[in-house]
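Chain by chain, the residues run as shown.
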Number of protein chains: 2
Amino acid sequence: MSALAEAPPDTRHHASDPVEARHLIRSGAVTGTTAGLAPGYVQGNLAILPREYAADFQRFCAFNPKPCPLIGVSEPGSPHVPALGQDLDLRTDVPGYRVWRDGELVAEVADVTDYWRDDLVGFVLGCSYSFEEALTEDGIEIRHITLNRKVPMFETSIPTAPAGPFRGPMVVSMRPLKPADAIRAIQITSRFPAVHGAPVHIGKPELIGIKDVRKPDFGDPVPIGEDELPVFWACGVTPQAVIARARPSFCITHAPGSMLITDIRNTRMAIL
Amino acid sequence: MSALAEAPPDTRHHASDPVEARHLIRSGAVTGTTAGLAPGYVQGNLAILPREYAADFQRFCAFNPKPCPLIGVSEPGSPHVPALGQDLDLRTDVPGYRVWRDGELVAEVADVTDYWRDDLVGFVLGCSYSFEEALTEDGIEIRHITLNRKVPMFETSIPTAPAGPFRGPMVVSMRPLKPADAIRAIQITSRFPAVHGAPVHIGKPELIGIKDVRKPDFGDPVPIGEDELPVFWACGVTPQAVIARARPSFCITHAPGSMLITDIRNTRMAIL
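A short tour of the structure in this document, coming up. The shown structure was predicted, so the numbers you read here are calculated from the model rather than taken from an experiment. (Residues numbered from 1 in each chain as written. Chains lettered and ligands numbered in written order. Predicted model: local features only at pLDDT ≥ 70, side-chain atom pairs only at ≥ 80, totals over all residues. Heavy atoms only, no water.)

### Let's talk about the sheet that holds strand S9 (residues 229–234) of chain A
Residue and element names in this part refer to chain A.
Phase 1: Sheet architecture is open: 4 strands sit in the order S6-S7-S9-S8, paired in antiparallel fashion. One side of each edge strand has no neighbouring strand; the edge strands of this open sheet are strand S6 (153–159) and strand S8 (201–202).
Phase 2: Examined bridge by bridge, S8 and S9 share 2 bridges and lie antiparallel to one another. What sits directly across from His201, in S9, is Phe232. (Pairing = 2+ DSSP bridges. Helix = DSSP H or I, 4+ residues; strand = E, 2+ residues; numbered from the N terminus.)

This is how it looks when you write it as structure tokens:
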């Protein structure tokens, strides 16, 4: 046995590659949030629904590409999405899952192999980690990351376009930015439509039904400077809220912050 | 003599083509503003300086591409800029010129043939007419156009990068927009760097030294709705103000609103 094997493995360090990161998650060596794992690679929101809901949900995503940018769909019954990773397994590769029956949370688990059914369809949606990386690499400060908090999220008065049982308000995330950074952030995120794209709103929270921008409905509050504007992006919590409202007979989602790591480089999500 | 020749010519109508528009201006049949002439074609700000100032001014434009997007330069002594129009003549093709000596306005004329010198260099800079057309065609209302007013312009606390005698604050133009339109306008104008490009500021006039956004330094005031943000673009008045401050021994500029019509289509100014 080597000296290396005797020390507790620094699994976070080894998880710089997406395949290795998924293997460490699959083995149980990595739990909790996937933030910071496999930097440079796309992480996805996950929603798994029975086939009877799949067409409506896929249509919902098509109608609402900003909150629901679909980057992968599994064949019914298959837990694999080869386009996102050759060995990727939707049953084991997310650190934390939530299992829902009739809209009620029934289990929080690290593996859904025992819940898998041959009529399930997995939907993977792009997430803001990708565009936040692009912003950070451009030198733009992201407040909740600086403060090591969750991004503040708000339910808005902006409706989504309904499809079948899926309907409800858009949820947005907010990042305070100086005006010149806000303009630059609009340019950068416009290049990434598959991970929420350009902001949906800027500067006047009350116009989209947000009563108090210091009191988010989800996530943590962050301070907004006098010299900053709140900038709002469509958020991947939207489909989760919409699914909860639709109360499907069965559903699996990722636990907050525990995303599906893919083999797709963030830069490959840029359309230009 | 034909019946057509007996009626006063509808010169505005005939000026839908840029070559024809320049010919009508050259002949004196069209005077005043060039707004609305040769729609779809780039119009330019004009600055004509003696050769001794040319290198510094060209460097100033290179340092400050947002207020001074250079789209054409003449050979010293030549009044032609073939890249912008084969028959274009800087001496006759602008409806109104201003002639300056030592920083003082000495003449306002419709033809500068008598002032032309063999050491003069003409600089043509992109103007906001091009991006305003792109915004209007996208369905975005531009307030000062709706109200048939001049765009409101403000001297700011944003410095330009100096070059030789050319230095001074950036002048910006302001257009009030609803937040979603502001985001769309940032996307659209980002595609047009040669006609001022993306805004330089949004939402908080006081941060760029504007004391009262209802009282522009140049142009006309326009109302800003409660549901709108003021959006600020670098303005072609910047180089005029900088030249006035530099007090060159001799200079010719276009009169406000009387631009140089080129053969370049506005869409060709889009980088993407």
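Picking up after the structure, the text goes on.
### Thoughts on the relation of the copies chain B and chain A
Phase 1: In screw terms, the move from chain B to chain A is a rotation of 180 degrees and a rise of 0.0 Å along the axis, fitting with an RMSD of 0.0 Å. Considering both components of the superposition, the chain copies are consistent with a two-fold axis. Relative to the rotation axis, the C-alpha of Gln187(B) is the closest in chain B, positioned 3.2 Å from it.
Phase 2: A share of 100% of the interface residues of chain B reappears at the interface of chain A, consistent with the copies meeting face to face through the same patch. (Least-squares fit on C-alpha atoms with pLDDT ≥ 70 in both. Contact = heavy atoms within 4.5 Å.)

### So, the interface of chain B and chain A
Phase 1: Between chain B and chain A, the contact holds 19 residues from the first and 19 residues from the second.
Phase 2: Summing both partners gives a buried area of about 1500 Å² for chain B against chain A, and 77% of it is carried by carbon and sulfur.
Phase 3: Considering only the side of chain B, the residues that lose the most area to chain A are Ile183(B), Ile202(B) and Lys204(B), jointly responsible for 32% of the buried surface there.
Phase 4: Our enumeration of links across chain B and chain A arrives at 0 salt bridges.
Phase 5: Looking at the side of chain B that touches chain A, the elements with two or more residues in it are helix H7 (179–190) and strand S8 (201–202) of chain B.
Phase 6: At 6 residues, the largest contribution of residues to the side of chain B that touches chain A is made by H7(B). (Buried area = accessible area lost by both parts, 1.4 Å probe. Salt bridge = Lys/Arg side-chain N within 4 Å of Asp/Glu carboxyl O.)

### Points about the pattern of salt bridges
Phase 1: Under the definition given, this model contains 33 salt bridges over all chains.
Phase 2: Residue Arg143(A) pairs with Glu141(A) through a salt bridge whose shortest N-O separation is 2.8 Å.
Phase 3: Note that Arg59(B) is salt-bridged to Asp56(B), the shortest N-O span being 2.7 Å. One end of the pair, Arg59(B), and the other, Asp56(B), are both in helix H4 (residues 51–63), 3 residues apart, so they sit about a helical turn from each other.
Phase 4: Several salt bridges share partner residues, and in doing so they unite Arg22(A), Arg26(A), Asp87(A), Asp93(A) and Asp263(A) into one network.

### A few points about the nonpolar core
Phase 1: Ranked by internal contacts, the top residues of the largest apolar core, which has 78 residues, are Leu90(A), Ile202(A), Ile252(A), Leu90(B), Ile202(B) and Ile252(B).
Phase 2: For Ile252(B), the contacting residues outside a window of four places in its chain are Leu46(B), Ala47(B), Ile48(B), Tyr97(B), Arg98(B), Val99(B), Trp100(B), Val112(B), Tyr115(B) and Leu120(B). (Core = buried A, V, L, I, M, F, W, Y, C linked by side-chain atoms within 4.5 Å. Buried < 20%, exposed > 50% of the residue type's maximum accessible area, 1.4 Å probe, protein only.)

### A closer look at the sheet that holds strand S6 (residues 153–159) of chain B
All names here are of chain B.
Phase 1: Strand order in the open sheet made by the 4 strands is S6-S7-S9-S8, with antiparallel pairing throughout. Here the strands that pair on one side only, and so sit at the sheet edges, are S6 and S8.
Phase 2: Taken together, the 4 bridges between S6 and strand S7 (residues 169–177) define a ladder with antiparallel strand orientation. Considered in S7, the bridge of Met153 is made with Ser173.
Phase 3: On the sheet, helix H8 (residues 237–246) packs against S6 and S7 and is oriented at approximately 155 degrees with respect to S7. (Axes fitted to C-alpha atoms, helices over the stretch in contact; angles between N-to-C directions.)

### Things to note about H8(B)
Residue and element names in this part refer to chain B.
Phase 1: Those residues of H8 that fall on the buried side of the exposure criterion are Thr238, Pro239, Val242, Ile243 and Ala246. Burial along H8 is one-sided: seen end-on, the buried residues are contained in an arc of 130 degrees.
Phase 2: Along its buried surface, H8 packs onto strand S1 (41–50), H4, strand S5 (120–126), S7 and strand S10 (250–254).
Phase 3: Arg247, located one to two residues past H8, shows a positive phi value of around 50 degrees. (Arc of directions from axis to C-beta.)

### Quick word on the state of the cysteines
All names here are of chain B.
Phase 1: Tallied over the full model, the rule gives 0 disulfides over all chains.
Phase 2: You can see Cys127 has no disulfide; the closest cysteine sulfur is in Cys235, sitting 9.2 Å from it.
Phase 3: Cysteine Cys251 is unpaired, with the sulfur of Cys61 as its nearest cysteine sulfur at 12 Å.
Phase 4: The buried category is assigned to Cys251, whose relative accessible area is 1%. (Disulfide = S-S within 2.5 Å.)

### A word on the packing of helix H5 (residues 128–137) of chain B against H7(B)
All names here are of chain B.
Phase 1: Two numbers describe how H5 lies on H7: the axes approach to 10 Å, and their chain directions differ by 130 degrees. In terms of their interaxial angle, H5 and H7 are classed as oblique. At the point where H5 passes H7, the crossing takes the right-handed sense. Within the contact between the two elements, H5 uses Phe131, Ala134 and Leu135 and H7 uses Ala185, Ile188 and Thr189.
Phase 2: The class makeup of the residues in the contact of H5 with H7 is 5 nonpolar, 1 polar and no charged. (Parallel < 35°, antiparallel > 145°, perpendicular 65-115°, else oblique. Left-handed = near helix turned anticlockwise from the far one by under 90°. Nonpolar A, V, L, I, M, F, W, Y, C, P; charged D, E, K, R; others polar.)

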